[in-house]
Amino acid sequence: MKLLQIKMYRRINYIAAILVLVCGLGAQAQVTTSSPYSRYGLGNIKGSLLPQLRAMGGISTAVGKVTGFNYINMQNPASYAGINLTTIDIGMSAGLTSLSRNNLTETSFNATFSHLAFAIPTGKKSAISFGILPYSDLGYSYRNTVKIDTTSVDQLYEGEGGLSKAYFGYGRRFGDHLRIGGNVEYLFGNLQTTRSTEYNTVGSLNAKLQNKNSVGGLSYSYGIQYDFNVGKKTLVTLGYSGSSSGKVNSTQTFYSTHYTRDAAGNENTAIDTLSAIDNGRSNLTLPLTHNFGISIQQNDKWLIGADFRMSKWSSTSINNVNQGLQNSWGASLGGQWTPDYTSYNSYLKRMDYRLGVSYDKTYIQINNQDIKQMGASLGFGFPLPSANAGSAFYKINFTTEVGQRGTLNNNLVKEQYINFHLGFTLNDTWFRRYRVD
């Protein structure tokens, strides 16, 4: 009994250490991006995907287990029902982005904490999951120069911030083939945007609009999976997941001011404030989303799957103002192959090899030009030595995504990116009651 207590204390300390680490990261780091397309809507939507799923092009709707190792797939909470070990997943992301327009090119690098997720079985047919991860990020700074009569005028656009998502979910299996689950999600964060109009003469009266939305409210997502055997070792899974359309509370702060710049180009204190809103009650409308998926797998060997997704972004509003977005859709295809996860003499055979592609027509349309995004991904799962007499399993998941968004047509911006995702996954037999004869 004393030995069991010592093991439990160690595990509690392990959880506490992770939480302290995440709190430290949250205090020092901020989700960042450098994309002019994050100006639209709620910013760049990140998706509820861990590295092992991003490596397969983002397929998730019909994905549960592949080689007996537990994934946390919060994109479809029905998958929680297949979790039979306490699972922890923590990770970070980094990205290199290149922006091109006409003959100009700009490159930036950003890195951030990406996720912390837990899953705990609550019986042979059910499990809960909870965690925190980014929902969207906002980061851009650019200017357009136009002429009004004979005067050059600069239009400056800046934005920063983003939304995070904390969730709690439950999944349960009914019979041998049906799984159903749901998530309660709390969205929170700040979206800050600034738009300025400046005349290129010293002492000119310039105008600035500053807007900040502090978001905090609940949303919901849900999912279902059904699987059946085709042969002795081949399993087909059909899946659906979605999220409800609803309003999330926010607090708005808005200022409209006049200001000037000195001879050195520095911005002077605002001369006057034309309009101001402090802590105004407002809301943010989220889109209705649908995801459909199918996968086929040979137990403990390989999986191939495809997803189709659609979201009704045309009804999205911030502060009761429709954002002028269009409905989006996308598709993904990907898979995983593990040569022999039980191999003792070849580490390469125990590794997971993942590959995927994706295509999206995003919710952005500029100058009657749809902004499309396409990418390819490659990833690996690196198993680590087991512990606790073979009852604890560890894996490092690494994914690289290469893709492009936008186009050079119609004087638009082409965004090319390379993203890196790193995650550490633990499967262990925590919180299990032991019986001593």
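Quick caveat: nothing in here was measured; it's all calculated off a predicted structure.

1. Some words on the overall build of the protein chain
Across its full length, the protein chain carries three helices and 19 strands. For the protein chain, the proportion of contacts with a sequence separation of at least 24, taken over those separated by at least 6, is 66%. With the model as given, the accessible surface of the protein chain reaches about 21,700 Å², and the carbon-plus-sulfur share is 57%.

2. Details of unusual backbone geometry
Leaving glycine out, the prevailing phi sign among residues is negative, and the prevailing peptide bond configuration is trans. We note that Asn102 has phi near 55°; this positive angle belongs to a residue other than glycine. In this structure, Asn102 sits in the loop between β2 (86–101) and β3 (104–121). Using a relative accessible area of 57% as the deciding quantity, one classes Asn102 as exposed. If you check the backbone angles, Asp300 has positive phi at about 65° while not being a glycine. With respect to the helices, strands and loops of the structure, Asp300 is situated in the loop between β11 (289–298) and β12 (302–311). Of the residues examined, Asp300 reaches a relative accessible area of 31% and is grouped as partly exposed.

3. Looking at the side chain of Thr425
When you line up the elements, Thr425 lands in strand β19 (residues 414–428). According to the relative accessible area criterion, Thr425 is buried, its value standing at 0%. There is a polar contact of 2.7 Å between the side chain of Thr425 and the side chain of Asp89. Setting aside residues no more than four positions away along its own chain, Thr425 makes contact with Gln52, Phe69, Asn70, Thr87, Ile88, Asp89, Phe393, Tyr394, Lys395 and Asn397.

4. Notes on the confidence of the model for the protein chain
Looking at the protein chain, the pLDDT average stands at 87 and 90% of residues meet or exceed 70. Contacts of residues 12–17 to residues separated by more than four positions or lying in other chains number seven contacts, the stretch itself having pLDDT below 50.

5. Some details on the pairing of strand β4 (residues 126–148)
For a regular strand, side-chain orientation follows a simple rule: the groups alternate between the two sheet faces. Relative to β4, strand β1 (residues 44–45) runs antiparallel, the two being bridged by two bridges. Following the sheet pairing, Ile45 is matched in β4 by Ser136. Bridge count between β3 and β4: six bridges; the pairing is antiparallel. Directly across from Phe118, in β4, lies its bridge partner Phe130. Between β3 and the antiparallel strand that follows it, β4, lie four residues. As paired strands, β4 and strand β5 (residues 151–174) are joined by 22 bridges and run antiparallel to one another. Paired with Thr145 across the bridge in β5 is Asp154. Between β4 and β5, which pair antiparallel and follow one another directly, the connecting turn spans two residues, one of which, Asp149, has a positive phi of 60°.

6. Comments concerning the packing of aromatic side chains
Two aromatic rings are characterised by how far apart their centres lie and by the angle between their planes. Summed over all chains, the structure comprises 14 aromatic pairs. Judged by centre distance (4.5 Å) and plane angle (55°), the rings of Trp313 and Tyr363 are tilted. One end of the pair, Trp313, is in the loop between β12 and β13 (317–318); the other, Tyr363, is in strand β16 (residues 352–366), and 50 residues separate them in sequence. Each member of the pair, Trp313 together with Tyr363, is buried. Members of the aromatic cluster, each reached through a chain of ring pairs, are Trp337, Tyr353, Phe380 and Phe382. The cationic tip of Lys208 hangs over the ring face of Tyr259; the distance from NZ or CZ to the ring centre is 4.9 Å.

7. Side note on the nonpolar core
In globular proteins that are soluble, nonpolar side chains generally tend to be buried together. Within the largest apolar cluster, 23 residues are counted, with the highest numbers of intra-cluster contacts made by Tyr37, Leu42, Tyr135, Leu284 and Leu286. Mapped by element, the contributors of at least two residues to this core are β4, β5, β6 (178–199) and β16. Here Tyr135 is in contact with Leu42, Asn44, Ile45, Lys46, Gly47, Leu163, Ser164, Lys165, Leu187, Leu286 and Trp313, once residues within four sequence places are set aside. One finds Ile72, Ile83, Leu133 and Tyr167 within the second-largest nonpolar core, a separate group that totals 10 residues.

8. So, the environment of Val215
Assignment of secondary structure puts Val215 in strand β7 (residues 206–229). C-alpha of Val215 to C-alpha of Leu187: the two residues are 28 residues apart in sequence and 7.0 Å apart in space. Residue contacts for Val215: discarding those within four places in its chain leaves Leu163, Leu187, Phe188, Gly189, Val248, Asn249, Ser250 and Leu284.

9. A closer look at the layout of surface pockets
Reported here for the largest pocket is a volume of approximately 710 Å³. Lining the largest pocket are 27 residues; nearest its centre among them are Pro36, Arg101, Tyr142, Asn144 and Val413. Broken down by secondary-structure element, the contributors of at least two residues to the lining of the largest pocket are β2, β3 and β4. Element by element, the count of residues in the lining of the largest pocket is highest for β4, at six residues. When its residues are assigned to classes, the lining of the largest pocket shows 11 nonpolar, 12 polar and four charged.

10. Comments concerning the pattern of salt bridges
Inspection of every chain in the model, using the stated rule, returns 11 salt bridges. The closest approach of N and O atoms between Asp360 and Arg309, which form a salt bridge, is 3.0 Å. Taken together, the residues Asp360 in strand β16 and Arg309 in strand β12 connect sequence positions 51 residues apart. The class for Asp360 is buried, based on a relative accessible area of 19%. Here Lys395 makes a salt bridge to Asp352, at a shortest N to O gap of 2.6 Å. Remark: Asp352 occurs in strand β16 and Lys395 occurs in strand β18 (residues 392–406); sequence separation between them is 43 residues. For the pair shown, Lys395 and Asp352 are each scored as buried. Each of Glu198, Lys208, Arg261 and Glu267 takes part in one network of salt bridges that share partners.

Rules behind the numbers
Residues numbered from 1 in each chain as written. Predicted model: local features only at pLDDT ≥ 70, side-chain atom pairs only at ≥ 80, totals over all residues. Heavy atoms only, no water. Helix = DSSP H or I, 4+ residues; strand = E, 2+ residues; numbered from the N terminus. Contact = heavy atoms within 4.5 Å. Areas by Shrake-Rupley, 256 points an atom, 1.4 Å probe, with all protein chains shown as cover. Buried < 20%, exposed > 50% of the residue type's maximum accessible area, 1.4 Å probe, protein only. Polar contact = N/O pair within 3.5 Å; in protein donor to acceptor, adjacent residues only side chain to side chain. pLDDT = per-residue confidence, 0-100. Pairing = 2+ DSSP bridges. Phe/Tyr/Trp six-rings, centres within 6.5 Å; stacked < 30°, edge-to-face > 60°. Lys NZ or Arg CZ within 6 Å of the ring centre and 35° of its normal. Core = buried A, V, L, I, M, F, W, Y, C linked by side-chain atoms within 4.5 Å. 1 Å grid on protein atoms, 1.4 Å probe; cavity = no way out; pocket = protein on both sides within 12 Å on 5 of 7 lines; lining within 4 Å. Points joined across faces, edges and corners; volume = space filled by probe spheres on them. Nonpolar A, V, L, I, M, F, W, Y, C, P; charged D, E, K, R; others polar. Salt bridge = Lys/Arg side-chain N within 4 Å of Asp/Glu carboxyl O.

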